[in-house]
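# Coordinate inspection notes
Below, each chain spelled out in residue letters.
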There are 2 protein chains.
Amino acid sequence: MRIIIIGGVAAGTKAAAKAHRVDQNHEIIIYQDEAEVSYSACGLPYVISGVIDDGRKVVIRQPEDFAKEGIKVFTQHRVTSIDKTRRHLTVKNLLTQADEVVDYDRLILATGARPIVPNVEGITLEGVLTLRNIRDLARFNTQLNTLQPKRAVIIGAGYIGLELAEAFHQLTIKTTIVEKGARILPRFDPEMAQLVHEHLLENQIELILGDGLAKLHGKNGRVTVIETKSGKMISADLVVIAIGVTPNIELATAGGIELGKTGAIAVDSRMETRTPGIFAAGDCCETVNRITGKPIWMPLGDIANLQGRVAGENVADGNVHFPGVFGTAIFKTFKLAVAITGLSEQAAQESGFDPVSIVMTGTDRARYYPDRQEYTLKLIADRQDGRLLGAQVVGSGNVDKMIDIAATALLGKLTCADMENADLAYSPPFSPVLSTIIVAAGILKNKLV
Amino acid sequence: MRIIIIGGVAAGTKAAAKAHRVDQNHEIIIYQDEAEVSYSACGLPYVISGVIDDGRKVVIRQPEDFAKEGIKVFTQHRVTSIDKTRRHLTVKNLLTQADEVVDYDRLILATGARPIVPNVEGITLEGVLTLRNIRDLARFNTQLNTLQPKRAVIIGAGYIGLELAEAFHQLTIKTTIVEKGARILPRFDPEMAQLVHEHLLENQIELILGDGLAKLHGKNGRVTVIETKSGKMISADLVVIAIGVTPNIELATAGGIELGKTGAIAVDSRMETRTPGIFAAGDCCETVNRITGKPIWMPLGDIANLQGRVAGENVADGNVHFPGVFGTAIFKTFKLAVAITGLSEQAAQESGFDPVSIVMTGTDRARYYPDRQEYTLKLIADRQDGRLLGAQVVGSGNVDKMIDIAATALLGKLTCADMENADLAYSPPFSPVLSTIIVAAGILKNKLV
């Protein structure tokens, strides 16, 4: 059986490796339109900042590594059409521009997502960048190394925007963030987003909210000023467009593969599209929110890996299921880790729950132990049965630990009453005697009906 | 109603505070035979090492703090007998030696545990110490400051022994550990304990296994040599007895309060003893292992706090339940954090399970992110249904995070299949793209029947 995988970053390479492990008799081919495969897009902001000293480090595996396992990788090959009836693809070699028609038995779409770039005047000026793939990184490095920018504007206050704000600060580039929304981090509840907002201001990041990019002004082909919708003119020698991403679904839709409600490719729990034999995984497809049961599009690297694993097993005649997501995410900006799992209080209300919540500050070590760090935890539960619906954590210290405990609690459908007697690991270097999440769950339990 | 609490360290003070919060109309009295209340015994090794620069820091609250809430604390008062029929106690003022008879309506026993000290020749020599309470700390400090020991022997390779080994190393005291068992850390599986064993050797700790304390030799009233059961003579100017603790149950048994199978005080899930109106909490009482359903004695500070909270609420006419423990524990020795939750593979076998396990090494950050740390995770599941039974983690880095994810998974009765698609928080500074526990769960799932 010939299995073709379109896209070779996270989901595609994971699916290939898994399919190969399940059954070595299949022919497995990856087509990737970039020059590299198997890289960590999430690592790119840390290459920009210099925390990761060499951009090549975020490339995990080379085509040769896959070749050793018998997986054929064609880089700089773009699949331009799918004929699902005849089960063949048209593939363009981007170096030679030659087209080839290739038969497949089964297909995995792992075409990913791309940055949304508004079609405004000046958008093609030099110095206007996105950060999504290795080519973007190369462009970034060129700008940073040859032009030594002093003044940057980031359009969009999402994860990438805030990670880059820290990176620019480390590079002593004065930075302004322009965000269309009335506040940053709309997935977070306002009081939690506010903690991040204040931290950005403390770190000399200028925040302009409720405003967007209107046009870009340049000189000699190079960006010099951004003009916002409200008419603000901001000098900039570097502009990053980070207003979000959109799934690469054009190839799928042209091939007659159905999309879901979110606008990403629809899949069942086996990661199979509505066209039998064609699977999808990663940022190009949607999934299910395990709390609301509704479709959700969650383009994150770890989810792409999980889904790739499931698609890879099933494409090779396996029968495993991807159960969906809780929307767990974390990012770092300056000294803060910022994390969420499940529903925010606001999202819980919008989904028809009657949520009750608690916000409290805790520390990651016993109060008398040196170098302890603080964080703020918000815990949200259903007022009726006390089941946890979500958590948000902002601070320094073990934010990642707190959010993963909460994410595991959501997975176990645990209630406040369950969590207030959780048996978590205590020793002064690692935790206060009662973990903040235990204390918070106890207080939250008392707020239930 | 007069509520008397016997013991004022962890469970006792927590119970008092909780009972007071539930109903301010009760009279609440704590009798504590030490000079201090409300201190963290778990912090003491870090005072010895100097990581915590002042021993007073581990004392959390003073009697005056309780007085402000209307809770009466009598330090240096020892309850010497309980008359459960007449509902009164005899209390000795240790300063005046005066005895007093005091009535109670309800009682909480929070008498804790004490180090086991073998009755061998020379045990009372100067320089032979235990580390359990503030008085022990004072003795330790006297020995360390005035006698500047160069050579220590620790009897017992449990948590306290290994924490102290690190402390002594920091104080440049050459240290030998003598352990009766054939290996250290018997609650851990051999291959995991071995990692700690090797780390101790790398840090110049001498380990003598399968041997015990026979007698202590001294000169001018001061210890100079320990003689082991096998006849080894080891020079030492400091000897720490750390072979374990035993519950303080003598007061309870003399008062006709029943013990459980473990030898600690028997309680129901409301933390009430078999004598109605008399509760117990903390190291003096037993609890239930939530995996085996069997009684277990788990004298740990966090459990004492959880139980104190439950006993405090119920003594004040509440009705909450303590569900038992998974035996989650963590400690630090040198650069390693060492953690366990649930059953070891060996304990699972002994409890009649058919366990299957996986041991793997992981990192706490993306592989290209600087300063990542490694750890080894062992995950154990039931071969029949894949339900997780336990985890052990040894290493540097986020050991505490891994064990708390596992402990929460046990609480949720999660299986390998659940955990292999857990939605944990990923970003390069906080985790590899798929958390080690996710990868381990996936591999373990494939080992099931």
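Refer to the structure printed above.
Note that the structure is predicted; figures quoted are calculated from it, not measured.

## A closer look at the overall build of chain A
- Secondary structure assignment for chain A yields 12 helices and 25 strands.
- Taking 449 residues into account, the globule formula puts the C-alpha radius of gyration at 22 Å, and chain A, at 23 Å, falls close to it.
- Over its C-alpha atoms, taken along the principal directions, chain A stretches across nearly 65 × 60 × 40 Å.
- Considering only intrachain contacts with a sequence separation of at least 6, the fraction spanning at least 24 residues in chain A is 64%.

## Things to note about the relation of the copies chain B and chain A
- If you rotate chain B by 180° and push it 0.0 Å along the axis, it lands on chain A with an RMSD of 0.0 Å. Considering both components of the superposition, the chain copies are consistent with a two-fold axis. Considering only C-alpha atoms, the residue of chain B closest to the rotation axis is Gly 412 of chain B, which sits at 2.1 Å.
- Take the interface residues of chain B: 100% of them recur as interface residues in chain A, which is what a same-surface contact looks like.

## Regarding the interface of chain B and chain A
- Listed by partner, the interface residues are 55 residues for chain B and 55 residues for chain A.
- At the level of secondary structure, the elements contributing two or more residues to the side of chain B that touches chain A comprise α8 (301–315), β21 (329–333), β22 (336–342) and α10 (399–411) of chain B.
- Ranked by residues supplied to the side of chain B that touches chain A, first place goes to α10 of chain B with 9 residues.

## Quick look at helix α5 (residues 159–170) of chain B
All names here are of chain B.
- Under the 1.5 Å per step criterion, the end-to-end length of α5 is 17 Å for 12 residues, consistent within 8% with the ideal 16 Å.
- Within α5, 10 of the 12 residues are buried, which leaves the element mostly enclosed by the surrounding structure.
- Within the span of α5, buried status applies to Tyr 159, Ile 160, Gly 161, Leu 162, Glu 163, Leu 164, Ala 165, Glu 166, Ala 167 and Phe 168.
- Phi turns positive one or two residues past the end of α5, at Thr 172, with a value near 55°.

## With respect to unusual backbone geometry
- A positive phi angle, near 70°, is found at Met 271 of chain A, a position not held by glycine.
- Mapped onto the secondary structure, Met 271 of chain A falls in the loop between α7 (250–254) and β18 (278–280).
- In this structure, Gln 97 of chain B is a non-glycine residue whose phi angle is positive, near 65°.
- Structurally, Gln 97 of chain B is set in the loop between β5 (88–93) and β6 (99–103).
- Judged by the 7 C-beta atoms lying within 10 Å of it, Gln 97 of chain B falls in the exposed class.

## Digging into the environment of Ile 226 of chain A
Residue and element names in this part refer to chain A.
- Within the secondary structure, Ile 226 sits in strand β14 (residues 222–228).
- Taking the C-alpha atoms as reference, Ile 226 lies 6.2 Å from Lys 215; in sequence the two are 11 residues apart.
- Excluding anything up to four places from it in sequence, Ile 226 contacts Val 153, Leu 213, Leu 216, Ile 234, Ala 236 and Val 239.

## Some points on the pairing of strand β10 (residues 151–155) of chain A
Residues and elements named next belong to chain A.
- Taken across its 5 residues, β10 has 4 buried, putting it largely inside the fold.
- One ladder, built from 5 bridges, connects β10 with strand β11 (residues 174–179); its direction is parallel. Within β11, the residue paired with Arg 151 across the bridge is Lys 174.
- Between the parallel elements β10 and β11, the chain passes through helix α5 (residues 159–170) in a crossover that is right-handed.
- In the sheet, β10 pairs with strand β16 (residues 238–241) via 4 bridges, with the strands oriented parallel. From the neighbouring strand, Ala 152 faces β16, where its bridge partner is Leu 238.

## Considerations on the sheet that holds strand β24 (residues 374–382) of chain A
Residue and element names in this part refer to chain A.
- Strand order in the open sheet formed by 5 strands is β21-β22-β25-β24-β23, with antiparallel pairing between adjacent strands. Of all the strands in the sheet, the pair left with one neighbour each is β21 (329–333) and β23 (355–363). Taking each pair of neighbouring strands and ignoring which way they run, the sheet shows an average axis angle of 15°.
- Relative to β24, β23 runs antiparallel, the two sharing 9 bridges. Bridged to Met 360 within β24 is Leu 377.
- The sheet contacts of helix α10 (residues 399–411) involve β21, β22 (336–342), β24 and β25 (388–395), and relative to β22 the element is tilted by about 0°.

## Concerning the sheet that holds strand β23 (residues 355–363) of chain B
All names here are of chain B.
- Here we have 5 strands laid out as an open sheet, ordered β21-β22-β25-β24-β23, and antiparallel in their pairing. Each of the sheet's edge strands pairs with one partner strand only, and the pair in question is β21 and β23. For this sheet, the mean angle separating the axes of adjacent strands, direction not counted, is 15°.
- Across the sheet, helix α6 (residues 190–202) touches β21, β22, β23, β24 (374–382) and β25 (388–395), and the angle it forms with β25 is around 15°.

## Some words on the packing of helix α1 (residues 11–22) of chain A against helix α8 (residues 301–315) of chain A
Residue and element names in this part refer to chain A.
- Orientation of α1 relative to α8, taken along the N-to-C sense of each, is 35°, at an axis distance of 7 Å. Pair α1 / α8 crosses with right-handed handedness. For the pair α1 and α8, contact is made by Ala 11, Gly 12, Lys 14, Ala 15, Ala 16, Ala 17, Lys 18, Ala 19 and Val 22 and by Ala 304, Asn 305, Gln 307, Gly 308, Arg 309, Ala 311, Gly 312, Glu 313 and Val 315, respectively.
- Residue composition of the contact of α1 with α8, by class: 9 nonpolar, 5 polar and 4 charged.

## Examining the pairing of strand β11 (residues 174–179) of chain B
Residues and elements named next belong to chain B.
- Counting buried residues along β11, 5 of its 6 residues qualify, which places the element largely inside the surrounding structure.
- Across 4 bridges, β11 lies against strand β12 (residues 206–209) in parallel orientation. Bridge pairing links Val 178 to Ile 208 in β12.
- Note that the unit made of β11, α6 and β12 has a crossover that is right-handed.

Reading the values: the criteria
Residues numbered from 1 in each chain as written. Chains lettered and ligands numbered in written order. Predicted model: local features only at pLDDT ≥ 70, side-chain atom pairs only at ≥ 80, totals over all residues. Helix = DSSP H or I, 4+ residues; strand = E, 2+ residues; numbered from the N terminus. Rg over C-alpha atoms; globule rule 2.2 N^0.38 Å. Contact = placed C-beta atoms within 7 Å. Least-squares fit on C-alpha atoms with pLDDT ≥ 70 in both. Expected span 1.5 Å × (residues − 1). Buried ≥ 20, exposed ≤ 12 C-beta atoms within 10 Å, placed from the backbone. Pairing = 2+ DSSP bridges. Right-handed = clockwise from strand over helix to strand, strands pointing away. Axes fitted to C-alpha atoms, helices over the stretch in contact; angles between N-to-C directions. Left-handed = near helix turned anticlockwise from the far one by under 90°. Nonpolar A, V, L, I, M, F, W, Y, C, P; charged D, E, K, R; others polar.

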